[in-house]
Amino acid sequence: MEPGEIHALLGENGAGKSTLMNVLYGLLTPDEGEILVDDVPQRFGSPRDAIGAGIGMVHQHFMLVPVFTVAENVMLGAEHTTGIGWLNRRKARRDVAEVSERYGLRVDPDALVEDLPVGIQQRVEIIKALVREVDLLILDEPTAVLTPQEIDDLLDVMRSLKDAGKSIVFITHKLKEVKAIADRITVIRRGQVVGAAQPDASEDELAALMVGRSVKLTVDKLPASPGDPVLDVAGLAVVDDRGQRVVDDIDLEVRHGEILGVAGVEGNGQTELIEAIMGLRPAIGGTVRLNGRAIHDTLGHQYGTTSDILARGVGYVPADRGHDGLVADFSVAENLVLDTYRRPPYGKGLSLRPTAIRESARERIDEFDVRTSSYTTAVGTLSGGNQQKVVVAREMSRPLELLIAAQPTRGVDVGSTEFIHGRIVAERDRGTGVLLVSSELDEILALADRIAVMYRGKVLAVVGPDTPRERIGLLMAGVTGESAAEETDE
Amino acid sequence: MKATATARWLLRKETVLRRVRGVRLVTVLAVGGLSLAVAAGCGKPPAKNASGGSGGGQYKACMVTDTGGIDDHSFNASAWQGMQDAKAADSSVVVQNTQSSSEQDYEPNLTKFVQAKCDLIVGVGGLMADAVTKVAKANPKQQFAIIDANVALSNVYSMQFNTAQPAFQAGYLAAGMSKTGKVATYGGLKIPPVTIYEDGFAEGVAYYNQQKHKSVKLLGWDEKSQKGVFANSFTDQNKGQSITKTFLSQGADIVLPVAGGTAQGTASTTAASNGKQSTIFVDFDGCVSASTYCKTFLTSVTKGIAGSVKDAVVAGQKGKPLTGSYIGDLKNKGVGLAPYHDWDSKVPGALKTEVTQIGADIESGKITVKSTAQPK
Amino acid sequence: MSSDEERPGGGPADPDGGAPGTGTETATAPAKRSGPRAAVPGDAKRTRTGIVIDALTTANTFTVTVLAIVLALAVGAVVIALSDQAVLDSMKYFFARPGDTFAAAGHAIGTAYAALFTGSIVDPETLNEAWWGMTSWSSVLSPISETLTYAAPLIGTGLAVALAFRAGMFNIGAQGQAMMGAIGAGLVGFMVPWPPVIGVIAALLGGLVGGGLWGLLAGWLKAKFGAHEVITTIMLNYIAAPSFVTWLVTQHGVQQPGRNDPISKAVEPNAQLPHLFGSGLRANLAIILVVGAALVVSWLLRRSTLGFEFRAVGSNPNAARTAGISLNRTYLLVMLFAGVLAGLGGASIVLGNTPNAITPSVVGSIGFDGITVALLGRGRPVGTVLAGLLFGALQAGAGQMQVTSQVPIEVSTIIQSLIVIFVAAPALVRAIFRLRAQRVGALGQNLAKGWNG
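Residues numbered from 1 in each chain as written. Chains lettered and ligands numbered in written order. Predicted model: local features only at pLDDT ≥ 70, side-chain atom pairs only at ≥ 80, totals over all residues. Heavy atoms only, no water.

**A look at the nonpolar core**
Soluble globular proteins tend to pack their nonpolar side chains together in the buried interior.
Move 1: Ranked by internal contacts, the top residues of the largest apolar core, which has 164 residues, are Met179(C) and Leu351(C).
Move 2: At 13 residues, helix H13 (residues 327–352) of chain C tops the list of elements feeding residues into this core.
Move 3: When residues of this core are assigned to domains, at least three map to each of domain 2 (216–313 + 399–490) and domain 3 (328–397) of chain A.
Move 4: Contact partners of Met179(C), with chain neighbours within four places excluded, come to Ala240(C), Ala241(C), Val245(C), Ile358(C), Thr359(C), Pro360(C), Val362(C) and Val363(C). (Core = buried A, V, L, I, M, F, W, Y, C linked by side-chain atoms within 4.5 Å. Buried < 20%, exposed > 50% of the residue type's maximum accessible area, 1.4 Å probe, protein only. Helix = DSSP H or I, 4+ residues; strand = E, 2+ residues; numbered from the N terminus. Domains from an automatic or database assignment. Contact = heavy atoms within 4.5 Å.)

**Thoughts on the environment of Ile51(A)**
Residue and element names in this part refer to chain A.
Move 1: Relative to the helices and strands, Ile51 is located in helix H2 (residues 47–52).
Move 2: Expressed as a C-alpha distance, the spacing of Ile51 and Ala129, which sit 78 residues apart in the sequence, is 8.3 Å.
Move 3: Excluding anything up to four places from it in sequence, Ile51 contacts Tyr25 and Arg132.

**A look at the packing of helix H2 (residues 61–82) of chain C against helix H4 (residues 98–118) of chain C**
Residues and elements named next belong to chain C.
Move 1: Between H2 and H4, the shortest axis-to-axis distance is 9 Å and the interhelical angle comes to 120°. One way to sum up the angle between H2 and H4 is to call them oblique. The crossing of H2 and H4 is right-handed. Between H2 and H4, the residues in contact are Leu73, Gly76, Ala77, Ile80 and Ala81 and Ala105, Ala108, Ile109, Ala112, Tyr113 and Leu116, respectively.
Move 2: For the contact of H2 with H4, the residue count by class is 10 nonpolar, 1 polar and no charged. (Axes fitted to C-alpha atoms, helices over the stretch in contact; angles between N-to-C directions. Parallel < 35°, antiparallel > 145°, perpendicular 65-115°, else oblique. Left-handed = near helix turned anticlockwise from the far one by under 90°. Nonpolar A, V, L, I, M, F, W, Y, C, P; charged D, E, K, R; others polar.)

**Structural notes on the sheet that holds strand S19 (residues 450–455) of chain A**
Residue and element names in this part refer to chain A.
Move 1: Taken together, 6 strands build an open sheet; the order of strands is S14-S17-S18-S11-S19-S20 and the sheet is mixed. If you trace the sheet from one side to the other, it starts and ends with strand S14 (314–317) and strand S20 (458–463), each paired once. The mean angle between the axes of side-by-side strands here comes to 15°, regardless of whether they run parallel or antiparallel.
Move 2: Judged from the 4 bridges that link them, S14 and strand S17 (residues 402–406) form a sheet pairing that is parallel. Bridged to Tyr316 within S17 is Ile404.
Move 3: In the packing of helix H17 (residues 469–476) onto the sheet, the strands contacted are strand S11 (259–263), S19 and S20, and the crossing angle to S19 comes to about 30°. (Pairing = 2+ DSSP bridges.)

**Things to note about the pairing of strand S18 (residues 433–438) of chain A**
Residues and elements named next belong to chain A.
Move 1: Summarising burial for S18: 6 of the 6 residues are buried, a large majority.
Move 2: Judged by which residues are buried, S18 turns out to be covered on both faces: Gly433, Leu435 and Val437 on one side and Val434, Leu436 and Ser438 on the other are all buried.
Move 3: Sheet topology places S17 next to S18; 5 bridges connect them, and they run parallel. Bridging from a neighbouring strand, Ile404 pairs with Leu435 of S18.

**Some details on the pattern of salt bridges**
Residue and element names in this part refer to chain A.
Move 1: Applying the stated rule across the entire model yields 39 salt bridges over all chains.
Move 2: With a shortest N-O distance of 3.2 Å, Lys458 and Asp248 are connected by a salt bridge. Placement of the pair is Lys458 in strand S20 and Asp248 in strand S10 (residues 245–255), with a sequence separation of 210 residues.
Move 3: We classify Lys458 as partly exposed; its relative accessible area is 37%.
Move 4: Across the pair Arg398 and Asp339 runs a salt bridge, and its minimum N-O distance is 3.0 Å. Here Asp339 lies in the loop between helix H12 (332–336) and strand S15 (347–348) and Arg398 lies in the loop between helix H14 (384–395) and S17, a separation of 59 residues in the sequence. Pair check on accessibility: Arg398 and Asp339 agree, each one buried. (Salt bridge = Lys/Arg side-chain N within 4 Å of Asp/Glu carboxyl O.)

**A look at the environment of Met21(A)**
Residue and element names in this part refer to chain A.
Move 1: Structurally, the position occupied by Met21 is in helix H1 (residues 17–24).
Move 2: Given the relative accessible area of 0%, Met21 is considered buried.
Move 3: Sequence-wise, Met21 and Ile188 are 167 residues apart; in three dimensions their C-alpha atoms are separated by 12 Å.

These values are about where atoms sit, not about what they do.
Set out below in structure tokens:
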């Protein structure tokens, strides 16, 4: 690793990128091998040692205290005190201002962290590391939570850091970003360095290195042949747990045999929209109809429970599989029947049918290529991609009218993404209506037949699949141009 | 390989991602279980003393406490005292006790003593009556005794105490000593061995009012309706304190707590009044069993459990049959009023005489104590 | 919480591996997979002996539980020695003749633990005497009978806690539910002059209804108003006893005639549980009933759709809800069932043990002991039965310890509590016995979970 270099560490989920970096940052101790900094072997017992050696890290999940200001967060763990033990806030603020200035990281030192958007919070993390005068900065999947614009900003910041002579290890599995910024690329697979590449290598080559075989990055699909509407949402309004109106007067229509993509940065009401459709959250206004039959009517009445809605031919892949999609302690087999255990052949009366559950589990594992040692393995021990395959396998193994897929490939490696995308298109071709919610614009562009962009609880526009990604990016940030508005014709 | 060079700064070896494993230290365990001296051979054992008893001229007296436990500063403790007194009086007596942690334990504890071949098994407390009845019926040759209950079986010696008699005297005394014209009492639980004190106390107060045409009021117990204040505990001193404080704030200056260890809370409260308020202890002479508070004890209503138990054990040891019922009263000195101790100088001589006279009148039948809780 | 035991059709991973169609290896590496699966090093080479040694030296549930018991007995031994007069006397000249102290301690501990054993399992001396016809065989069964008698109610309340626990709820209310069960059984048992058999069934049903309703009340408060079950069940405990029961049993028609203290009439003999080993021994039908209940609970959790829902809700309520499982229905049903089980425990005391009547303290502390039993049993029905038997044995043996070696009963309570503490702190046990950490799943997680459910 040279000074002033951006080194991309590329690998699938579970390849060991994060583990490697945690070792480097002193969070884990290596079983064998050495770390050399400036040719001197180092042993890091804790992050403090690593910081001392000039290594800083920005984690995938931020480690900030929401109710503290930026300056307070920055000084946390390295509090400067004056002679008699007062916290030296002024110095902290000065440090923040100075670092922001030097690297073009504009941040208000007195803002409360909880009030800042995700992209700015990430800057605070970076400033935290820079204030401690690190030379090597590790960024662990920094773009996973950002909007396209924020990603561009981050890449700019990285460039200016590089110009200032800092080295950066950039961990990701997103090929576009790697190509855009990396000076050098190392690919890791199953804990082994499997190759190095230059940024001019094609995306296909990089993907092949990562997965260990050649993969298709684009989804082959025929034009959609939409039929009758399967899902009709009109004027829907929903409040979140805090009573905020986060879905505000939304109209949507999904037809049989088409994929409607809902694009948008997370937290703009997508989750609540889906939960309302699934009967998991009451609607405070508007209607939802499935095949013409109401789920929510204008009077605010809900017809049927979530269980009934599922039974009416809705498949639901929730956005957060760990939180909503899987029971981690349950076996793969049990998770595969999590919403069908009551129905034949899996259950009869009060009794479960273990044989049927087992048989079906074996078939699903085979069909969806779930890599598990056994169907009795607890789902929580599988890798993220395989967990997602379990959810997808469960929801797509019965005749569907409507498939609601939220972030279906989040944290899923390239190989599994390819597979899941293929299944979604196949489901569409079978005549199922698909509501695809994703914050990954690439995914929306690859799959959707029509694209609805959500911003602050409203659908800003419904556009065609060949709309330029810049325009969709702007819509996701809430910018409606004249041209975008024109196409809101659905 | 180029890759290795690239990652040189990372780690020297490529395979870094082996599981971080715990310290592998194989300790082969020899969990032998409990080595019980079981294997003593299986020959025919020598015949044991078939008539029960532990042989060797010993007389084994065993006692089962109720849930109050052996340190209850009340009847369990006095019964155990009696057992030890018997042992001191006769070296051939051996004594044992076992404590019950719940009502469920009474029966098995009694049964275990039957199996342990005790000569005499003493059950303490009226709540054990059912269990004693059951076990005594099942073991008709085994000698039992019970305190504070009457079990009409030929192998059970029932020991009861008519504490209403001395409590009557105490009531009269309290009424005569009260400056505020209000006295109070409360119980541990609403069971006859408790309410009998309260009945007697109430009658004593009433008798004083009738004799002297006064109207000293009694708080905490109404004999007619059998309703009153109960701590629902024989151990909770805090409860005793709070009940007592309530009484005192209502104007009472003498309190009779019939609640075992809870009474300590009352004593500590009245002790803080510099002699303005006082406590009448029960079961024991308080100046002996709770001597720290002696200065606040006007007197104590004593219940001769220790003496009676000692007598029963000694009689049993001598081979006398223990059967029927014993009722301790003023006449046989099974119950009584303790000395005034620190208050001796403060109680007027006339009042002392009257109290003594009342005792004599009860013995002679001139005064009848009416409490329905009295043993028959 | 991850165990193969509860998986439908799962069973522990087949140690023989790879029996065609059923083995665990079939799904791992079909030829079409691109890369070899990252195998756990050495997995393939593990022999059967290796597995056994592994199991014994790894901090798995079983090993930790056994060692926790060993540790608790060791600490208990110290307490016994220190509470023995002979030991204390000899300690005064410890440095002159330390041997005396050790001999005295050895004697004290030996006799105490021998009594613990002879009071709860079997007395070899009695066995020998019975063999030679010097005593009845029923006296040989006496210790076991005592153990079973103490264990039965504990298993009932233990199951009540364990079932709720598996559904993510912490049922502190087994005490109150057992009390209401005792009341239900008692009232039905003495109100009517029952004919044989029917009386027992009716009284038991009364107990199940009483406990079940009390549990259901907590479930309803949670489902309807979101009241946390820990709070509501504790409060319901207070309401059940002493408040409600004391009032009830002093009412005319309920209170035992001729008694002034809070005790109800005695249950009709026809409504009392029949004894198992003759009238001389206390063991009664209760133990059969609770073991039956454990089997039902085991089936419910493993093989029924309801149990599937319970476990799903217990493990991840969000995912359960998303999959269409009604949380409220689950709360209601779980607390109803839990109440029924605790009610069975309470009923078994009133219908089985002297004085066969309702009193405010008739159920002792079985509800709270049930929590420890369920914790020790790891929330599993079979584990709960075993833990209940262990605690029953400790209680029965404690009486014998008291009788033969004058060891205070508190020692038994100390041992019981220590077992649970050690089980709850597996890291401590691991450190003491230098066990390796278990590969998958954190032990003790089980005990820590549930509070936030």
